[in-house]
Structures are given as structure tokens and as C-alpha cells.
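Structural characterization, general
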Amino acid sequence: MTINNPLLEIKNLQVSINENEILKSLNLTVNKGEIHAIMGPNGSGKSTFSKVLAGHPAYSISAGDIIFKGLSILDLEPEERSHLGIFLAFQYPIEIPGVSNEDFLRLAYNSKQKFFNKPEVDPLEFLSIISEKLKFVNMSPLFLSRNVNEGFSGGEKKRNEILQMILLDSELTILDEMDSGLDIDALKVISNGINKFMNPDKSIILITHYQRLLDYITPTYVHVMQNGKIIKTGSADLAKELENRGYEWLLP
């Protein structure tokens, strides 16, 4: 009999910022091959949760643990978590003037290669690697010569985030409100890229306010977060119910 060890375990996590407690005894288990959607009213702790997973230094963990692939990652720096397979796609990706997309992506890729004692690739080798990945998100190779996110539309910025996820081949991806600011065509392209990338060895945590993203990426579970903890878990149907009824019926 095979034992399926969880990819991610959140155990009684308590997190604060500036002495203001935001996550309160949060528990969550994510197995390989699962997509977990986290929904909830504004201020319920969803984005804080995503940043804490990625290792944002502004947050203080007062209790609990984050277990990734069987090991606690509480003491690991954000870049170490990234190399181990955690990727956070930003809600508002920043622009980096003066740095080309190609250089940025190659440096990120080589940084991970170095971490695992694998050979780094030169610009020519990298071009053949990234060219294949561009197809996942329907991006033109011309984007590689532009500065990171500079002058990009909302949809282009989000595609760039997904391109990074695919290039780094992350095992656990956290998508924080990936659908915000996207028109329907951009949403379809990005969702298609995520679905192609997903496989039984990977997991995704989707943080969203809206059902429309879940029309394109079907979650294994939907969780409702309120006041720093998960108050209800259900199937994909729960998101549809929330779309119709809001959150009031769930709140104490």
C-alpha cells in the first residue's frame, strides 16, 4: 500500500504583523495533484497566508508550523523556499526598469540550477529552453527583450508570472488573485497555461474572490477563510453557492 505524504501541511499557524494577529490557528493539508481554492471576504487573511508561505519577512509566526515535502520551512529564506519548489505569483507584479525579461528569467533559472548543483546555461541554451515555455502562455518571443513588466498590460504581467512558474517548474504554486484586472481572453490564456502545467506531482493554491476563474481551473477543494482561519471546506460547487449567496450565511 502506498502512503501519500502531503506536499504541504499547515499546522495551527498563528501569524501577526505589527502585533496585529491575522492568521489564527490555521490548518490546511494539500496533497500532490490537488488544486485548492481559497475564498473569503476582504481582510480574512488570504493574501497574508500566501505571503507567509513564500517567506515574506514582515510577518511574525508566533505558533504552528509549515511543513513542505515533510520538512519544516519556517527558518528558510524566500529564495530557499523557491528553489525547493514553492512559487508565489503576485497579485500586482512589479516593473523592473533596466532589466530585460530574458536576463531576469535566465538568472532565476540558473539560480535554481546552482542550488541543485546542476550546470548553469548560457544565453543561447536558455533561449531554446524558454522558447518552448512561451507557447504555454501564448507569448511572443519579443517579450523577452522588453524590460521586466515595464509597459506590460495587466494580462501580459500575469502571463509573465505564469511563464516564471512554468520555467522554474514549481511543485507548489500560490496564485494570489490571478484573475484580478484580466479580461476574459487573458483569463482563458492564463488558465489554459496553468492547466497544461498542472500534473499529478504538482499542487496549486488559488486565492480568488470570484467564481469565474474556477470556471476554467476546476478546484479539488474550495475553502472559505474568515478571521484568519478556514471556516468551511467543500467541492467546486461551494464556489458556485458563494457566488449566489455571498458569505453572510457562513459567518457566525
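For clarity, every value in this text was computed on a predicted model and none was experimentally measured.

Definitions and cut-offs
Residues numbered from 1 in each chain as written. Predicted model: local features only at pLDDT ≥ 70, side-chain atom pairs only at ≥ 80, totals over all residues. Heavy atoms only, no water. Helix = DSSP H or I, 4+ residues; strand = E, 2+ residues; numbered from the N terminus. Rg over C-alpha atoms; globule rule 2.2 N^0.38 Å. Contact = heavy atoms within 4.5 Å. Areas by Shrake-Rupley, 256 points an atom, 1.4 Å probe, with all protein chains shown as cover. Lys, Arg positive; Asp, Glu negative; His and termini not counted. Charge placed at Lys NZ, Arg CZ, Asp CG, Glu CD. Polar contact = N/O pair within 3.5 Å; in protein donor to acceptor, adjacent residues only side chain to side chain. Core = buried A, V, L, I, M, F, W, Y, C linked by side-chain atoms within 4.5 Å. Buried < 20%, exposed > 50% of the residue type's maximum accessible area, 1.4 Å probe, protein only. Phe/Tyr/Trp six-rings, centres within 6.5 Å; stacked < 30°, edge-to-face > 60°. Lys NZ or Arg CZ within 6 Å of the ring centre and 35° of its normal.

Right, let's talk about the overall build of the chain for a bit. From N to C terminus, the chain includes eight helices and 12 strands. Since a compact globule built from 252 residues should have a radius of gyration of about 18 Å, the 18 Å found for the chain is in line with a globular shape. Overall size of the chain, expressed as C-alpha extent along the three principal axes, is 55 × 45 × 40 Å. Looking at the chain alone, contacts between residues at least 24 apart form 68% of all its contacts between residues at least 6 apart. A total of about 12,300 Å² of accessible surface is found on the chain, and carbon and sulfur atoms cover 50% of it. Looking at the chain, you have 25 positive and 32 negative side-chain charges, and the mean spots of the two groups are 3 Å apart.

As for its placement among the helices and strands, K112 is situated in helix α3 (residues 101–115). Of the polar contacts made by the side chain of K112, one reaches the backbone oxygen of L168; its length is 2.6 Å. If we skip the residues at most four places from it in the chain, K112 touches S82, H83, L168 and D169.

In terms of nonpolar packing, the biggest core is built from 43 residues, with I162, L175, I194 and L206 touching the most fellow members. By residue number, the principal contributor to this core is helix α5 (residues 154–168), which donates six residues. Non-local contacts of I162, meaning those with residues more than four positions away in its chain, are made with V137, L175, M178, I190 and I194. L7, L26, I86 and L172 belong to the second-largest nonpolar core, a separate cluster that totals 26 residues.

All right, on to the packing of aromatic side chains then. Summed over the entire model, instances satisfying the criterion amount to three aromatic pairs. Look at F115 and F116: their rings are 5.0 Å apart centre to centre, the planes differ by 85°, and that puts the pair in the edge-to-face class. Judged by relative accessible area, F116 falls into the partly exposed class, the value being 41%. Ring geometry for F143 against F152: centres 5.3 Å apart, planes inclined by 75°, an arrangement best described as edge-to-face. Between R245 and the ring centre of W249, over which it is positioned, the NZ or CZ distance is 4.1 Å.

The quantities given are spatial measurements derived from coordinates; they are silent on function.
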